[in-house]
Amino acid sequence: MSLLVGSLGVLSFILGVIAENKKPASGTPITGKDVVICKYPTDPTVALGYLSFGFLFLSTLFGGLSLFYPYKGKSIPWPALFQSTSFFVFFLIALGSTGLAAVMLLWPTITEHKHLVSNVHYNLETTCPTAKTGLLGGGAFLALDAALFWLVSLMLADNAREDYFDDIKGVDGDALSTEYSADGVVKGSA
């Protein structure tokens, strides 16, 4: 799972950086009668921006699912994972950086898409704008950071899982029993 989360995060990063580099600075205004039509050069910015967001989403989905997936047939209750302070902190950082990366990837992508679709302006002073420069690149770096934080959270979840199973084992390795006899003596433990 870590390889999948990391690979998807790197793909999101690469596509976001390429989208930022391919984005045109502005369109060419063509003045008509009482309108300005903006002609934009063909570029893959919108498609790459949406793909970058898609890979970020998949990286987050697999990262989040891998935290709670039962390994080796053993699952632990999710509150036991959140008892680990370091896991909880990195989980929140991963969620926050994912949300910020999604906003910074989608905002310029949707804005650029809107500029391409709505290219007729009734303001004769328009300069045929494009989306803000730098947001796609920043979102790409945050997507990579989010994937790395999901990987750290996955490692900390493994530690929390080991701690949980170590806590429910006895001193000599036998699992503690929760079966009690009527006189209060635990059955089956050493």
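Rules behind the numbers
- Residues numbered from 1 in each chain as written.
- Predicted model: local features only at pLDDT ≥ 70, side-chain atom pairs only at ≥ 80, totals over all residues.
- Heavy atoms only, no water.
- Helix = DSSP H or I, 4+ residues; strand = E, 2+ residues; numbered from the N terminus.
- Buried < 20%, exposed > 50% of the residue type's maximum accessible area, 1.4 Å probe, protein only.
- Contact = heavy atoms within 4.5 Å.
- Areas by Shrake-Rupley, 256 points an atom, 1.4 Å probe, with all protein chains shown as cover.
- Core = buried A, V, L, I, M, F, W, Y, C linked by side-chain atoms within 4.5 Å.
- Pairing = 2+ DSSP bridges.
- UniProt positions renumbered as here; feature names shortened; annotations may be inferred.
- Axes fitted to C-alpha atoms, helices over the stretch in contact; angles between N-to-C directions.
- Parallel < 35°, antiparallel > 145°, perpendicular 65-115°, else oblique.
- Left-handed = near helix turned anticlockwise from the far one by under 90°.
- Nonpolar A, V, L, I, M, F, W, Y, C, P; charged D, E, K, R; others polar.
- Phe/Tyr/Trp six-rings, centres within 6.5 Å; stacked < 30°, edge-to-face > 60°.

A word on the overall build of the protein chain. Within the protein chain, the regular secondary structure consists of five helices and three strands. Listed N to C, the secondary structure of the protein chain is α-β-β-α-α-α-β-α in terms of helices and strands. The buried share among the 190 residues of the protein chain stands at 36%. Sequence-distant contacts in the protein chain: of pairs separated by 6 or more residues, those separated by 24 or more amount to 78%. Approximately 11200 Å² of the protein chain is accessible, and the part contributed by carbon and sulfur atoms is 66%.

This brings us to the nonpolar core. Judged by nonpolar contacts, the single largest core of 15 residues is most densely connected at L67, I76, L81, F87, F91, W150 and A157. If one sorts the elements of this core by residue count, helix α5 (residues 135–167) sits on top with seven residues. Grouped together as the second largest cluster of nonpolar side chains are 13 residues, L15, M104, L105 and L135 included.

A few words now on the environment of S86. With respect to the helices, strands and loops of the structure, S86 is situated in helix α4 (residues 85–117). In this structure S86 comes out as partly exposed when scored by relative accessible area, which is 34%. For S86 and A157, which are 71 residues apart along the polypeptide, the C-alpha to C-alpha distance reads 9.5 Å.

All right, on to the sheet that holds strand β2 (residues 36–39) then. One open sheet holds the three strands; their spatial order is β1-β2-β3, and the pairing between them is antiparallel. Taken across any chain shown, the strands that pair with only one partner, and hence form the sheet edges, are β1 (28–31) and β3 (120–121). The pairing of β2 with β3 spans two bridges and is antiparallel. Counterpart to I37 in the pairing with β3 is V120.

Right, let's talk about the UniProt feature "transmembrane region" (unreviewed entry) in the protein chain for a bit. Listed under "transmembrane region" (unreviewed entry) in the UniProt record, and renumbered for this structure, are residues 50–69, 81–107 and 135–157. Between the end C-alpha atoms of residues 81–107 there is a gap of 34 Å, over a span that is 89% helix and 0% strand. The span residues 135–157 shows a helical share of 100% and a strand share of 0%, and its end C-alpha atoms are spaced 32 Å apart.

UniProt's feature table lists "signal peptide" (unreviewed entry) at residues 1–19, given in the numbering used throughout. A distance of 27 Å separates the end C-alpha atoms of residues 1–19, which is 95% helix and 0% strand.

In summary, the side chains of a regular strand alternate between the two faces of the sheet. In this structure, β1 lies alongside β2, joined through four bridges in antiparallel fashion. Bridge pairing in β2 places I30 opposite I37. In sequence, β1 turns back onto β2 through a hairpin of four residues, with D34 there showing a positive phi of about 65°.

Now for the packing of helix α2 (residues 45–68) against α4. The N-to-C vectors of α2 and α4 enclose an angle of 160°; their axes lie 9 Å apart at closest approach. In terms of orientation, α2 and α4 fall into the roughly antiparallel class. Relative to α4, the crossing made by α2 is left-handed. Here T45, V46, G49, Y50, S52, F53, L56, T60, L67 and F68 of α2 lie close against α4, whose contacting residues are F87, F91, T98, A101, A102, L105, L106, T109, I110, E112, H113 and L116. A per-class count over the contact of α2 with α4 returns 14 nonpolar, seven polar and one charged.

Turning next to the environment of D145. Looking at the secondary structure, you find D145 in helix α5. A C-alpha to C-alpha distance of 8.1 Å links D145 and A94, two positions 51 residues apart in sequence.

On to the packing of aromatic side chains, then. Evaluated as defined, the whole model comprises 11 aromatic pairs. Seen in terms of ring centroids, F90 and F149 are 6.0 Å apart; in terms of plane orientation they differ by 40°. Their pairing is tilted. Of this pair, F90 sits in helix α4 while F149 is found in helix α5, placing the two residues 59 residues apart along the sequence.

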